[in-house]
Amino acid sequence: MAGNGTTAPETTEPAGSLERTREDARSGTEMNVDLAVRDRYSAAAQEAEAALCCPVDYDPQYLKIIPDEIIERDYGCGDPSRWVKEGETVLDLGSGGGKICYIAAQIVKESGRVIGVDCNDTMLDLARRHQPGISKTLGYDVVDFRKGRIQDLQLNLERLDEYLKNNPVDSVDDWQKLQEHQDHLRKTEPLIESDSVDVVVSNCVLNLVREEDRRQLFSELFRVLKRGGRAVISDIVSDETIPESLRNDPNLWSGCISGAFREDLFLDAFTDAGFYGVEIMARQSEPWAIIDGYEFRSLTVQAFKGKEGPCLDHKQAVIYKGPWKTVTDDDGHKLVRGQRMAVCKKTFDLYSKAPYAEQIIPIEPSEPVSSDKAQPFNCHGTPIRSPKETKSGQPVLNLLPSESECGSEGCC
């Protein structure tokens, strides 16, 4: 679901269906989110369902080798693959039929790697069925599809299936052994290793996760990324808090509507998990769907991992170029346009890379400060670095431009 600003009808479900499910919510009928999502996407893997997607402009050069069966059964709201780079290790959460994975494989090329994670057997079968043919066309195979839940990227569900075939659960004792085996699998054979991925992408899947599992979802997303890695997530968001009457509708939830994050809280979820540099990369101008006045649209967000660590003073400074008079980062550093702002080495290094580098002028001290001599730095407040600090150690001399350094028309 998502894409390029098309306007959708005011409801994606028949009026009768909406009224029945709202009546269920009022009567106290509990909705099973996992069951609703599993059943709907299993069916959608076998027969295309238009209500599960909205227009997305993919680069046509990457679609040529992907079979129509996958394209017709692809359900998403954006194209996070456009921010993938050659040579990267990519993890696609909720990979479905594999479309984003096969696009990413063409971008990362033979030096990269693409991992798709999904818990729906029908979708995994669809993705894997075409892998030999696509790999033959490409001339290399860098894609690996794995069965798992995106909120628990440590548990390999196929390994768990193997255990259950030989160890059926018929008692509480069996159930306890199952729990122990799951913990063992997470520790010894994690589905995705910690600090192993350059970029995590996802296309309209996070909203399908139960609300009580979402903190773990973002924690797992953070865990698997390398330091300096990033998440690029496309999802459906709402403009207002969604009422219970809509949130308890299984059709709207599995249709990526009633489970949508509120737009501002979606960005907060990244910072709460420890990400920095959170940035909106694409936002659908017109709503994809409107229900009872609530607007739902596609949003693509990029966020980075790597601000952990101590704050030490290496006498470095940064100058914010503008255009805003002041800006404040995720850690509360306030940058004043044109001023030499004192920062710790960790912050200096972060600002020297994406997404900040183009807005910042880095200033190193004339004499580098070694790690063993660096003092703790208080990152609170808005300290200004005196030029005398960064010039410290330079010889005191007068330096004037010579005539030879001026052109025929002078220096000015």
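Residues numbered from 1 in each chain as written. Predicted model: local features only at pLDDT ≥ 70, side-chain atom pairs only at ≥ 80, totals over all residues. Heavy atoms only, no water.

1. Remarks on the sheet that holds strand 11 (residues 316-320)
Right, so step 1: Pairing is antiparallel across the open sheet formed by three strands, whose spatial order is 14-11-15. The open sheet terminates on both sides in strands that have one partner only, identified here as strand 14 (340-343) and strand 15 (360-363). Across the sheet, the mean angle from the axis of one strand to that of its neighbour is 35°, orientation sign disregarded.
Right, so step 2: Pairing of strand 11 with strand 14, which is carried by four bridges, proceeds in the antiparallel orientation. Looking at strand 14, one finds that Val318 is bridged to Met341. (Pairing = 2+ DSSP bridges. Helix = DSSP H or I, 4+ residues; strand = E, 2+ residues; numbered from the N terminus. Axes fitted to C-alpha atoms, helices over the stretch in contact; angles between N-to-C directions.)

2. Re helix 7 (residues 157-166)
Right, so step 1: Among all positions of helix 7, only Leu157, Leu160 and Tyr163 are buried. In an axial view of helix 7, the angular spread of the buried residues amounts to 110°, which keeps them on one side of the axis. Residues of helix 7 that are exposed and point over 90 degrees away from its buried face: Lys165 and Asn166.
Right, so step 2: Residues of helix 7 that are buried in the fold lie against strand 3 (143-147) and helix 8 (172-188).
Right, so step 3: Here helix 7 starts with a cap whose side-chain oxygen sits 3.1 Å from the backbone nitrogen of Glu158, and that cap is Asn156. (Buried < 20%, exposed > 50% of the residue type's maximum accessible area, 1.4 Å probe, protein only. Arc of directions from axis to C-beta. Contact = heavy atoms within 4.5 Å. Polar contact = N/O pair within 3.5 Å; in protein donor to acceptor, adjacent residues only side chain to side chain.)

3. Some points on the pattern of salt bridges
Right, so step 1: If you walk through the whole model with that rule in mind, you get 29 salt bridges.
Right, so step 2: Ionic pairing is found between Glu295 and Arg297, a salt bridge with its closest N-O pair at 3.3 Å.
Right, so step 3: A salt bridge links Arg385 to Glu389; its shortest N-O distance comes to 3.2 Å.
Right, so step 4: Overall, the relative accessible area of 2% leaves Arg385 in the buried class.
Right, so step 5: Residue classification places Glu389 among the partly exposed residues on the basis of a relative accessible area of 29%.
Right, so step 6: A single network of salt bridges, built from pairs that share partners, joins Asp313, Lys315, Arg385 and Glu389. (Salt bridge = Lys/Arg side-chain N within 4 Å of Asp/Glu carboxyl O.)

4. A closer look at the side chain of Asn156
Right, so step 1: Looking at the element boundaries, Asn156 is found in the loop between strand 3 and helix 7.
Right, so step 2: In terms of polar contacts, Asn156 uses its side chain to reach the backbone amide nitrogen of Arg159, at 3.2 Å.
Right, so step 3: Ignoring sequence-local partners within four residues, the contact set of Asn156 consists of Lys147, Leu185, Glu189 and Leu191.

5. Concerning the packing of aromatic side chains
Right, so step 1: Within the structure shown, the criterion is met by 10 aromatic pairs.
Right, so step 2: With a centroid separation of 5.6 Å and 70° between ring planes, the pair formed by Tyr102 and Phe145 is classed as edge-to-face. Remark: Phe145 occurs in strand 3 and Tyr102 occurs in helix 4 (residues 99-108); sequence separation between them is 43 residues.
Right, so step 3: Relative accessible area serves as the criterion here: at 1%, Tyr102 is assigned to the buried category.
Right, so step 4: Take Phe145: its relative accessible area is 4%, and that puts it in the buried class.
Right, so step 5: Ring centres of Phe266 and Phe270 lie 5.3 Å apart, and the angle between their planes is 75°; this geometry places the pair in the edge-to-face category. Here the residue Phe266 and the residue Phe270 both occupy positions in helix 12 (residues 263-272), the gap between them amounting to four residues, near one helical turn. (Phe/Tyr/Trp six-rings, centres within 6.5 Å; stacked < 30°, edge-to-face > 60°.)

6. Quick notes on the environment of Phe275
Right, so step 1: Looking at the secondary structure, you find Phe275 in the loop between helix 12 and strand 7 (276-283).
Right, so step 2: Residue class for Phe275 comes out buried when judged on its relative accessible area of 0%.
Right, so step 3: Through-space distance from the C-alpha of Phe275 to that of Gly306 is 7.5 Å; in sequence the pair is 31 residues apart.
Right, so step 4: Ignoring any residue separated from it by four or fewer positions in sequence, one finds Phe275 in contact with Phe218, Leu221, Phe222, Leu225, Ala231, Phe270, Ala303, Phe304, Lys305, Lys307 and Asp330.

Keep in mind these values describe shape, not function.
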